[in-house]
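Examination of the molecular architecture
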Amino acid sequence: MLRIECPCCGPRDHDEFRYGGDASVARPAHDDPDPEAWYRYVYVRNNPAGSHREFWQHVTGCRQWLIVERDTRNHTIQSVGFARKTARKMPA
């Protein structure tokens, strides 16, 4: 079981959160007409073994969107931050 340290609510069980997807994938621009870019964004994903950035929403708490950095090999959570503050720092 994962325990996620919400910046607003403190440590909580992962059942209070909803997984929101891979936080390391850059979304194409809204008006990008390239179907290949949208295909890669929606369907093509890596399956990393190790550190991975993920979106999670605290649905039964503060409702904030978070970026959780988690080791996929052992589920150790390395960091948690607000998505609105760290989203701009994501690699392209």
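I will try to describe carefully the structure that is included in this document.

Quick notes on the rules
- Think of each chain on its own: its residues are numbered from 1, step by step along the sequence as written.
- Owing to the predicted nature of the model, reporting of local features is limited to residues with pLDDT of at least 70; listing and counting of side-chain atom pairs is limited to 80 or more, with chain, interface and lining totals taken over all residues.
- Excluding hydrogens and water, the side-chain figures rest on all heavy atoms present in the structure.
- Patches in this entry comprise residues that are over 30% relatively accessible and not in a salt bridge; like charges within 9 Å are linked, as are nonpolar side chains (Val, Leu, Ile, Met, Phe, Trp, Tyr) within 5 Å.
- Accessibility throughout is a Shrake-Rupley quantity obtained with a 1.4 Å probe, and a residue counts as covered only by protein chains that appear here.
- A side-chain nitrogen of Lys or Arg and a carboxyl oxygen of Asp or Glu constitute a salt bridge if their distance falls within 4 Å.
- Counting from the N terminus, the helices are the DSSP runs of H or I reaching at least four residues and the strands are the DSSP runs of E reaching at least two.
- Relative accessible area decides the class of each residue, using a 1.4 Å probe on protein chains only: under 20% of the type maximum gives buried, over 50% gives exposed, and in between gives partly exposed.
- Think of it this way: DSSP has to see at least two bridges between two strands before they count as a pair.
- Orientation is described by lines fitted to C-alpha atoms, with helices fitted over the stretch in contact, and by angles between N-to-C directions that extend from 0 to 180 degrees.

**Comments concerning a nonpolar patch on the surface**
A surface patch of nonpolar side chains, about 430 Å² in accessible area, is lined by Tyr39, Val42, Tyr43 and Val44. Examined against the element boundaries, Val42 turns out to sit in helix α1 (residues 35-43). Judged by its relative accessible area of 45%, Val42 is partly exposed.

**Comments concerning the sheet that holds strand β3 (residues 17-22)**
Strand order in the open sheet formed by 4 strands is β3-β4-β5-β6, and the pairing between neighbours is antiparallel. One side of each edge strand has no neighbouring strand; the edge strands of this open sheet are β3 and β6 (77-82). Here the average twist between neighbouring strands, direction ignored, is 30 degrees. Alignment of strand β5 (residues 65-71) against β6, held across 5 bridges, turns out to be antiparallel. Paired with Val68 across the strands is Val80, a residue of β6.

**Structural notes on the pattern of salt bridges**
This model, assessed by the stated rule, comprises 4 salt bridges. Two residues, Glu36 and Arg40, come together in a salt bridge whose shortest N-O distance is 3.6 Å. Of the two residues, Glu36 and Arg40 both sit in helix α1, 4 residues apart, roughly one turn of that helix. According to the relative accessible area criterion, Glu36 is partly exposed, its value standing at 41%. Ionic pairing is found between Asp71 and Arg73, a salt bridge with its closest N-O pair at 2.9 Å.

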